[in-house]
Amino acid sequence: MNAYLILILAVLIAVASASFYVMQNRRRQRKSLANRQGIMTNAVEYRLSLGPRIVTIGGGTGLSTLLSGLKGYTRNITAIVAVTDEGGSSGRLRQEWGMLPPGDIRNCIVALAENDSSLNRLLNFRFDRGELKGHNLGNLILLATTEMMGDFQKAVEELNKLLAIRGQVLPVTTETVTLKGETDSGELVSGELAISENGSHLEKLWIEPSNAVPLDGVKKALSSADIIVLGPGSLFTSVLPNLLLKEIADFLKESPVPIVYVANLVTQPKETEGMNILAHVDWIASVLGAVPDYLIANQAQIPEEFLRRYGKVGAEPLYLSMEEEKYLESLGTQIIYGNLVTIKDGVYLRHNTQTLSETIIHLAREAKEQRDL
């Protein structure tokens, strides 16, 4: 019996144990309804159930960071995640098993889980030897669930329910799509890794097949949203791949609800090296045929130590100039600034989830109130 089969058996046991834990936890919650803690828990759940309906579009670390903050304000969250990842564990599973890449979806599910710290340790456990070297447990759980249910979408939905997350995570499509591009020198590039390597030189970007269809759940979530958020995340490999589905782009172009773009804190080496925020927005507008209604941009200073560290790999801070601000406002984009910088674990530069989430929630409530008038 090879390592994969052994692990799948272990995964089944882990899933069953997790399911048992969730059921036990729910029983305990029901039994404690009469006491004060139960009443407070129900009050929190009720408040979250009344929160605005937010749809986020992207993938990667940026999106999962945002979700971890939003879940404190509403449980009506839908994270729409790109399925073009081909690197690392996700890429190997895509190649060897023919499944859609699970990595970004796993990260978003963990971010929306109530006890994300414990789940992070479990689902992000990465094997360091043997046939499983480089794989993490969360990806293999999604693989096992897909094999059991015979459908990646159903596997994701099952994991959403199993972990009792605040909201839902959906792949934008269950079709196998590939990113394609053409550089300013006329070179054709294919696949997420090649796109990322040549992002700052791209002239054109598309997906194949070009007629890939989004999930019904994705379209339903977009139709009922109070606000739609693009990013933060890698421009060419997390945000734009979702928008390249024609039905998604057409819907967003005509959507009556506000579309918000969250600008990254720094450029991404090679992918967006040398690009300013305006160039990011130009790409989004070129795909959608319209500019975002709002742009959320950082105005806080990045600590000098991190400027040096990130600068060594080609990542430069992204700030709007006055000229860029005026130009975007002339196109109809409203700029919202915030002190959005935080340092995670003393090592990583990240968006301040609380500040960013509060800004988005405020915009969503405003939009909902205006529609209800």
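Residues numbered from 1 in each chain as written. Predicted model: local features only at pLDDT ≥ 70, side-chain atom pairs only at ≥ 80, totals over all residues. Heavy atoms only, no water.

1. Details of the packing of aromatic side chains
Link 1 in the chain: Taken as a whole and assessed by the stated rule, the structure comprises two aromatic pairs.
Link 2 in the chain: When the centroid spacing of 5.1 Å and the interplanar angle of 80° are considered together, the rings of Phe125 and Phe127 count as edge-to-face.
Link 3 in the chain: Each ring, one from Phe236 and one from Trp283, has its centre 5.0 Å from the other, and the planes form 85°; the classification is edge-to-face. A residue pair is termed long-range when its members are at least 10 positions apart, and Phe236 in helix H11 (residues 235-243) and Trp283 in helix H13 (residues 277-288) qualify at 47 residues. Both residues of the pair, Phe236 and Trp283, belong to the buried class.
Link 4 in the chain: A cation sits over an aromatic face here: Arg309 above Phe306, 4.7 Å from the ring centre. (Phe/Tyr/Trp six-rings, centres within 6.5 Å; stacked < 30°, edge-to-face > 60°. Helix = DSSP H or I, 4+ residues; strand = E, 2+ residues; numbered from the N terminus. Buried < 20%, exposed > 50% of the residue type's maximum accessible area, 1.4 Å probe, protein only. Lys NZ or Arg CZ within 6 Å of the ring centre and 35° of its normal.)

2. Quick look at the sheet that holds strand E6 (residues 202-208)
Link 1 in the chain: Spatially, E5-E4-E6 is the arrangement adopted by the three strands of the open sheet, whose pairing is antiparallel. If you trace the sheet from one side to the other, it starts and ends with strand E5 (188-190) and E6, each paired once. Each strand axis lies, on average, 20° off the axis of its neighbour in the sheet, ignoring direction. (Pairing = 2+ DSSP bridges. Axes fitted to C-alpha atoms, helices over the stretch in contact; angles between N-to-C directions.)

3. Concerning the sheet that holds strand E1 (residues 54-58)
Link 1 in the chain: As summarised here, the arrangement of the seven strands in space is E3-E2-E1-E7-E8-E9-E10, forming an open sheet in which the pairing is parallel. The open sheet is flanked by strand E3 (168-171) and strand E10 (334-338), the only strands paired with a single partner. The mean inter-strand angle of the sheet, taken between neighbouring strand axes irrespective of direction, is 20°.
Link 2 in the chain: Across the sheet, helix H5 (residues 103-112) lies against strand E2 (77-81) and E3, angled at about 170° from E3, the strand it touches most. (Contact = heavy atoms within 4.5 Å.)

4. Brief notes about the nonpolar core
Link 1 in the chain: If you look at the biggest cluster of nonpolar residues, it comprises 105 residues, and the most contacted ones within it are Ile228, Leu230, Leu243, Leu252 and Ile360.
Link 2 in the chain: By residue number, the principal contributor to this core is H13, which donates seven residues.
Link 3 in the chain: Once residues within four sequence positions are removed from consideration, Leu243 is found in contact with Ile57, Leu230, Ile248, Ala249, Leu252, Ile284, Val287 and Leu288. (Core = buried A, V, L, I, M, F, W, Y, C linked by side-chain atoms within 4.5 Å.)

5. Considering helix H4 (residues 88-97)
Link 1 in the chain: Listed in full, the buried residues belonging to H4 are Ser89, Ser90, Gly91, Leu93 and Arg94.
Link 2 in the chain: Along its buried surface, H4 packs onto H5, helix H7 (137-149) and strand E4 (178-183).
Link 3 in the chain: Looking one or two residues past H4, Gly98 carries a phi angle of roughly 70°, positive in sign.

6. A short note on the packing of H5 against H7
Link 1 in the chain: In contact at an axis separation of 9 Å, H5 and H7 are set at 105° when each is read in the N-to-C sense. Here H5 is positioned roughly perpendicular relative to H7, judged by the angle of their axes. Of H7, the residues touching H5 (which contributes Gly103, Ile105 and Arg106) are Gly138, Asn139 and Leu142.
Link 2 in the chain: A per-class count over the contact of H5 with H7 returns two nonpolar, three polar and one charged. (Parallel < 35°, antiparallel > 145°, perpendicular 65-115°, else oblique. Nonpolar A, V, L, I, M, F, W, Y, C, P; charged D, E, K, R; others polar.)

7. Examining the pattern of salt bridges
Opposite charge on two side chains lets them pair, provided their charged atoms get close.
Link 1 in the chain: The final tally for this structure, using the stated rule, is ten salt bridges.
Link 2 in the chain: The salt bridge partner of Asp128 is Arg129, with a shortest N-O separation of 3.1 Å. The two residues Asp128 and Arg129 agree in class, both being exposed.
Link 3 in the chain: The partner of Asp250 in a salt bridge is Lys246, with the nearest N and O atoms 2.7 Å apart. With a gap of four residues between them, Asp250 and Lys246 both fall in helix H12 (residues 246-254), about one helical turn apart.
Link 4 in the chain: Taking relative accessible area as the criterion, Lys246 reaches 55% and is therefore assigned exposed.
Link 5 in the chain: Overlapping salt bridges, with partners in common, bring together Asp216, Lys219 and Glu247 in one network. (Salt bridge = Lys/Arg side-chain N within 4 Å of Asp/Glu carboxyl O.)

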